Amino acid sequence: MASVDDNGESGPEPDGDLRHFGETVKAFRKRAGLTQEQLHPLIRYSVQYIGSVEQGRRHPSTKFVDKAEEVLDAFGVIRLAAKQLQRRRGLASWFRRWAEHEDSAIALNTYECRAVPGLLQPEPYARALFETVPPLPTASDLEARMVARSERQKLLLRTPYIMFSFIVEQSLIERRTGGKEVTRELIDHLLECSLLPNVDIQIMPLVQPVHAGADGPFQLLETWEHEWLGYSEGQQSGLVITDPKDVSILHRRYAKLRIQALNPADSADLLMRMRGSL
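Just so it is clear, the structure is predicted and the values come from calculations on it, not from any experiment.

Rules behind the numbers
Residues numbered from 1 in each chain as written. Predicted model: local features only at pLDDT ≥ 70, side-chain atom pairs only at ≥ 80, totals over all residues. Heavy atoms only, no water. Salt bridge = Lys/Arg side-chain N within 4 Å of Asp/Glu carboxyl O. Helix = DSSP H or I, 4+ residues; strand = E, 2+ residues; numbered from the N terminus. Buried < 20%, exposed > 50% of the residue type's maximum accessible area, 1.4 Å probe, protein only. Arc of directions from axis to C-beta. pLDDT = per-residue confidence, 0-100. Contact = heavy atoms within 4.5 Å. Pairing = 2+ DSSP bridges. Axes fitted to C-alpha atoms, helices over the stretch in contact; angles between N-to-C directions.

(A) Expanded view of the pattern of salt bridges. Under the definition given, this model contains eleven salt bridges. Linking glutamate 181 and arginine 184 is a salt bridge whose minimum nitrogen-to-oxygen distance equals 3.0 Å. Residue glutamate 181 and its partner arginine 184 are located together in helix H10 (residues 180-194), separated by three residues, close to a single helical turn. Taking the relative accessible area as the measure of exposure, glutamate 181 reaches 47% and is therefore partly exposed.

(B) Structural context of helix H4 (residues 62-71). For H4, every residue scored as buried is listed here: Phe64, Val65, Ala68 and Glu69. Down the axis of H4, the buried side of the element spans an arc of 125°, and every buried residue falls inside it. Away from its buried face by more than 90 degrees, H4 exposes Thr62, Lys63 and Glu70. At the exit of H4 stands aspartate 73, carrying a positive phi of roughly 50°.

(C) Broad picture of the confidence of the model for the protein chain. Here the protein chain averages 89 in pLDDT, while 93% of its residues score no lower than 70. Predicted confidence is poor over residues 1-14, with pLDDT under 50, and the contacts of this stretch with residues over four places away or in other chains come to 33 contacts.

(D) Quick look at the sheet that holds strand S3 (residues 199-204). Here we have six strands laid out as an open sheet, ordered S3-S2-S1-S4-S5-S6, and mixed in their pairing. Of all the strands in the sheet, just S3 and strand S6 (237-241) have a single pairing partner and so form its edges. Shown here is a sheet whose adjacent strand axes are inclined to one another by a mean of 15°, direction ignored. Note: strand S5 (residues 228-234) against S6, five bridges, orientation antiparallel. Bridge pairing links glycine 234 to serine 237 in S6. With respect to the sheet, helix H6 (residues 96-103) is in contact with strand S1 (105-112), strand S4 (218-223), S5 and S6, its orientation differing from that of S4 by roughly 40°. Sitting on the sheet, helix H11 (residues 244-260) touches S1, strand S2 (163-169), S3, S4, S5 and S6, and the angle it makes with S4 is about 110°.

In structure tokens form, the structure reads like this:
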């Protein structure tokens, strides 16, 4: 029986999530009393492919996950591990710790001056961003990023509700990333999100002589344990802020930004005017 070797990525950067998935497959393979050589004809993937997955050196294909789940009778555990792996695959390594905190959040405040926050990005806008910033992603990487972004955006609808506050610079929309049509879809999406009962979107106008966000974008998050954390991101780096004094400074800045930005109703009016001008 000929083996099937996928055209997926070979030799990705090893990380804890890949290793965890590989160890999961290996544990169920051993539970079934199979060697890699014995598993090979059952799932029709080469021994080298199986070894790379188990060692955390290769992202598994969807077919591999399905066959391993079926042949090893894994009670859904391999599929569950793959789903989590796929979600994390599209996340920057420095962002993963913050993404884990998002999963346990009851409130999330975001000020952004670089691009519309990922949680609010419709697909065409997100693709336009990903296809613009070097190094440009492969088709596989782009799809992984889109999947990860889509998974994160489910937080907006999760119940019990997470309370979201977003302060976004008007200039980010005026930039027209991706062109006029993408910008129209972006504005429509922002207006749709603003109707959610747990989401406040405020636009920081182009002219604002007093601005508390001069030091750059940041986020604040409250966990289920009522602990507040901060997050600051730069080029190829991200920092989770836990020191209470530093978190307090971010709270004070965010409070000022909320006052300086347009209120949610006026922000929606501005968005509609901006759309009408396109």
